[in-house]
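# Structure assessment
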Amino acid sequence: MSERASNLDPKIAARLKRDPNGLVPAIAQQYDTGEVLMLAWMDDEALHRTLTTGRATYWSRSRREYWVKGESSGHQQWVKSVALDCDGDAILVKVDQVGAACHTGDRTCWDADVLDAVVGERPQNS
């Protein structure tokens, strides 16, 4: 993947740990309920656009272009806050989601295929 030009603040860019394609995973979360909505990818410019427009903007790996969530579907994400994790290798975008977040039309990408797992229990004295 060739480098795409970006207007991202160099101090923020220096903190990012990107994959070989220059991308960082971005989790979208409903700001008021904590509901995890979707995982997408951002490069420096997508993060810059997200920080400066109030709309969640991602890099589409399949189309190889930027996309503003909801631009064509109407299922918009209005940015409430953006944070980097402690290592700079993931982005959390808290949004106000309008309509479905998942491309399948579901509210979230995480409720369609829940896996069976042993449920852990915290010890009584912890």
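Residues numbered from 1 in each chain as written. Predicted model: local features only at pLDDT ≥ 70, side-chain atom pairs only at ≥ 80, totals over all residues. Heavy atoms only, no water.

The name given to the protein in an unreviewed UniProt entry is Phosphoribosyl-AMP cyclohydrolase, with Thermomonospora cellulosilytica as the source organism. One UniProt comment on the protein, placed under Subcellular location (unreviewed entry), says "Cytoplasm". The UniProt entry for the protein carries this comment under Function (unreviewed entry): "Catalyzes the hydrolysis of the adenine ring of phosphoribosyl-AMP." (UniProt positions renumbered as here; feature names shortened; annotations may be inferred.)

## Examining the sheet that holds strand β1 (residues 24-30)
Pairing within the open sheet is mixed, and its 4 strands lie in the order β2-β1-β6-β5. Each end of this open sheet is capped by a strand with a single partner; those strands are β2 (36-42) and β5 (77-84). Going across the sheet, the axis of each strand differs from the next one's by a mean of 25°, ignoring polarity. Where β1 and strand β6 (residues 91-97) come together, 5 bridges link them in parallel fashion. In the sheet register, A28 faces β6, and the bridge partner there is V93. (Pairing = 2+ DSSP bridges. Helix = DSSP H or I, 4+ residues; strand = E, 2+ residues; numbered from the N terminus. Axes fitted to C-alpha atoms, helices over the stretch in contact; angles between N-to-C directions.)

## Brief notes about the UniProt feature "binding site: Zn(2+)" (unreviewed entry) in the protein
Under the UniProt annotation, "binding site: Zn(2+)" (unreviewed entry) lies at C86, C102 and C109. With the annotated positions falling across 24 residues, the maximum pairwise C-alpha distance of 26.8 Å shows that they are not confined to a single cluster. Lining residues of the largest pocket drawn from the annotated set just named are C102 and C109. Note that C102 resides in the segment after β6. Apart from residues lying up to four places away in sequence, C102 is in contact with R107, T108 and C109. Structurally, C109 is set in the segment after β6. Here C109 is in contact with L37, M38 and C102, once residues within four sequence places are set aside. (1 Å grid on protein atoms, 1.4 Å probe; cavity = no way out; pocket = protein on both sides within 12 Å on 5 of 7 lines; lining within 4 Å. Contact = heavy atoms within 4.5 Å.)

## Considerations on the layout of surface pockets
Empty space within the largest pocket amounts to approximately 510 Å³. Lining of the largest pocket is provided by 23 residues; of these, M38, R63, W67, K69 and H103 occupy positions nearest its centre. Broken down by secondary-structure element, the contributors of at least two residues to the lining of the largest pocket are β2, β3 (57-60) and β4 (65-68). (Points joined across faces, edges and corners; volume = space filled by probe spheres on them.)

## Some thoughts on the nonpolar core
Grouped together as the largest cluster of nonpolar side chains are 18 residues, with contacts concentrated most on L37, M38, M42, L47, Y58 and I91. Counting residues per element, the ones that place at least two in this core are β1, β2, α2 (44-53) and β6. Residue contributions to this core peak at 4 residues, all from β2. Apart from the residues lying within four places of it in its own chain, the contact partners of M38 are A26, I27, A28, Y58, W67, K69, Q77, A101, C109 and W110. (Core = buried A, V, L, I, M, F, W, Y, C linked by side-chain atoms within 4.5 Å. Buried < 20%, exposed > 50% of the residue type's maximum accessible area, 1.4 Å probe, protein only.)

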